[in-house]
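Descriptive analysis of the structure
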Amino acid sequence: MSKRVRETGIGIDLGTTYSCVAAWFDQHNRVEIIPNQQGNKTTPSCVAWDGTNILIGEPAMNQISRNSKNTVFDVKRLMGSRFDDSRVQEDIKSWPFEVNEGCGKKPMVVFRHDSQEKKFSPEEISSMILKNLKDAAKAYLGTTVTNAVITVPAYFIDQQRQATKDAGKLAGLNVMRLVSEPTSAAIAYGLDKSTNMNFPKEKTFLIFDMGGGTFDVSLLNISKSGVISVIAVGGDTHLGGEDFDKAMVNYCVQVFNKKEKKDVSKNARALMRLKLACEKAKRDLSSTTHTTIDIDFLHEGIDFSMTFSRAKFEELNANFFNICIKHVENCLSDGNVHKKDVDDVVIVGGSTRIPKVQQMLTEFFDGKPLCRSINADEAVAYGAAVLAANLLSNGNEKVQDLVLLDVTPLSLGIWVEVKDTHEDDMSVVIPRNTPIPTTRERNYNTRYDNQETMVIKVFQGESGKTKENIFLNSFRLYGIPAAPAREQKINVCFNIDANGILIVSAEVKSNGSKNCIKIDKTGTLSNRW
Ligand code: AMP
């Protein structure tokens, strides 16, 4: 009997600054991180247009200071976001590339060369990065690759998750599952631990994941039999290494302007060169207490040179570091876990190499040593590859036994036109940190005599006021039979699948009239590149 050739699935960490792809290798009985065309295990999440070709990854990154207006990075910050979002507007101000408003308030990246123009949605840019990783996997594995698990920050809202799925689809991938980055790191950690030792008891651990653009903290539990349950998640989708780089760049600008009596802050090329130099200096400062930044002809022919100390770096970013610890506190309190009951504190993501971050975290946990047994840059893709193998029934016993119980990161609720509802009262249907998949129902009564329709608006967030939360979508339920106010009952149902994607439906109890929405992608799909 011929042996069925099993398809290999890949795990992709689609990062803000770097991305990474991994796969389970049956021959070696382990996960391998797949190198890109240049032979490196992480690929810059960067796309450029040189007027002729679209460049992806390192080739794009290598020409950034010559062609900064046509080189896009950080696109993850735009995924599933609206152009008029204040954070998007803030980001746009700091980027050298152009972002315009597209259809339905969707942000669009614009490349220009001479009289030519190309516009891409964030999903399209992300899909180019995903396709590049997929092609690297295909070349390495020597087989076609279609099935993938892609990771997203735990704090990604519904539209951001949907946009990530769309990007995968555009890249020709079948996205079997989206999994949150810290959960994925937990799988890597859990598997790593369980293959090397037996769990004597259930373990609670905290994953502190800080990369280039996002910060996630998660509290998880691994049972003796390998069930990984997420207890609570927290963090910030806009906090990471790039904020530290920006603080350093701003400081350098001040130093230069003061010394040279010039203004370098409007010189986009100079700022980009400063950003690259500061990022490198930041990395140096993780292993040394002083470093130098030297840039020839930075602005108007003037060279720039300064010594940067670790102490200055820590002072400039003290506020960000304090916020991180606050998020850890909140996550513990959400999960109802005391810090002394955390067995292991696992750090992942490039920014956790910063000594001050490690020191603050160790101090917060009263001197507990931090776990760094898994490679910070690769852990997330590693876990996603394990999950891909698990979903395709590949891998060894440990992989197949894996059971993952995730939670929803933010509360989901609605505003409905019912009596006594204030214009902006949000009624929570699924509280944050509820295990998913899940289904929750709520019943409402009509508000007016002979009310024929009812508007249902869906929000995500922790405030009791809708205007302080994120509006996801709305729909109208038709076909309510004529009756006095409050007599007709409406059942509203929220269903979240394993990817964290939400479907909201509403039904008139008396006659079964129904309407529903899938919390939608923010724009239409196209395949133009
Ligand atoms: P990741 O998304 O996990 O690859 O993390 C990328 C971020 O980690 C970038 O902002 C890098 O500048 C930062 N990073 C990488 N290595 C170091 C290091 N040695 N010290 C400080 N930050 C680092």
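Okay, so let's go over this structure. Every value quoted in this text rests on a predicted model; they were computed, and no experiment measured them.

A few words on the site of the ligand. Around the ligand, 14 residues are found, and the nearest of them are E279, K282, S286, G350 and S351. Interatomic distance of 3.4 Å between a backbone N/O atom of G212 and an oxygen atom of the ligand. Within the backbone of G350, one N or O atom sits 2.9 Å away from an oxygen atom of the ligand. Compared with its free state, where it exposes 510 Å², the ligand has 90% of that area covered by protein.

Take a probe with the size of a water molecule and roll it over the atoms, and the empty space left behind shows itself. A full pass over the atoms with the stated rule returns four cavities of 30 Å³ or more. Approximately 60 Å³ is the volume found for the largest cavity. Grouping the constituent residues of the lining of the largest cavity by class yields seven nonpolar, three polar and two charged.

A few words on the pairing of strand β15 (residues 227-236). Among the ten residues of β15, eight are classified as buried, and the element is accordingly described as predominantly covered. With eight bridges connecting them, strand β14 (residues 215-222) and β15 associate as antiparallel partners. Within the sheet, the bridge partner assigned to N221 lies in β15 and is S229. The loop that links β14 with its antiparallel partner β15 comprises four residues; one of these, G226, has a positive phi angle of about 95°. The pairing of β15 with strand β19 (residues 403-407) spans three bridges and is parallel. Bridging across to β19, I228 finds its partner in L404.

Two elements in contact, helix α6 (residues 241-260) and helix α7 (residues 268-284), have axes whose closest approach is 9 Å; the angle formed by their N-to-C orientations is 120°. Crossing of α6 over α7 shows right-handed handedness. Across the interface between the two elements, G241, E242, F244, D245, M248, V249, C252 and V253 of α6 pack against L271, L274, K275, C278, E279, A281 and K282 of α7. Among the residues forming the contact of α6 with α7, the class breakdown is nine nonpolar, one polar and five charged.

Take the sheet that holds strand β24 (residues 454-460) next. Pairing in this open sheet of four strands is antiparallel, and the strands run β21-β20-β24-β25 from one edge to the other. Two strands in the sheet have a free side with no partner beyond their single neighbour: β21 (427-430) and β25 (470-477). Here the strands of the sheet are splayed against their neighbours by 30° on average, with no regard to which way each runs. Taken together, the three bridges between strand β20 (residues 412-416) and β21 define a ladder with antiparallel strand orientation. From the neighbouring strand, L412 faces β21, where its bridge partner is I430.

Criteria and cut-off values
Residues numbered from 1 in each chain as written. Predicted model: local features only at pLDDT ≥ 70, side-chain atom pairs only at ≥ 80, totals over all residues. Heavy atoms only, no water. Near = heavy atom within 4 Å. Polar contact = N/O pair within 3.5 Å; in protein donor to acceptor, adjacent residues only side chain to side chain. Areas by Shrake-Rupley, 256 points an atom, 1.4 Å probe, with all protein chains shown as cover. 1 Å grid on protein atoms, 1.4 Å probe; cavity = no way out; pocket = protein on both sides within 12 Å on 5 of 7 lines; lining within 4 Å. Points joined across faces, edges and corners; volume = space filled by probe spheres on them. Nonpolar A, V, L, I, M, F, W, Y, C, P; charged D, E, K, R; others polar. Buried < 20%, exposed > 50% of the residue type's maximum accessible area, 1.4 Å probe, protein only. Helix = DSSP H or I, 4+ residues; strand = E, 2+ residues; numbered from the N terminus. Pairing = 2+ DSSP bridges. Axes fitted to C-alpha atoms, helices over the stretch in contact; angles between N-to-C directions. Left-handed = near helix turned anticlockwise from the far one by under 90°. Contact = heavy atoms within 4.5 Å.

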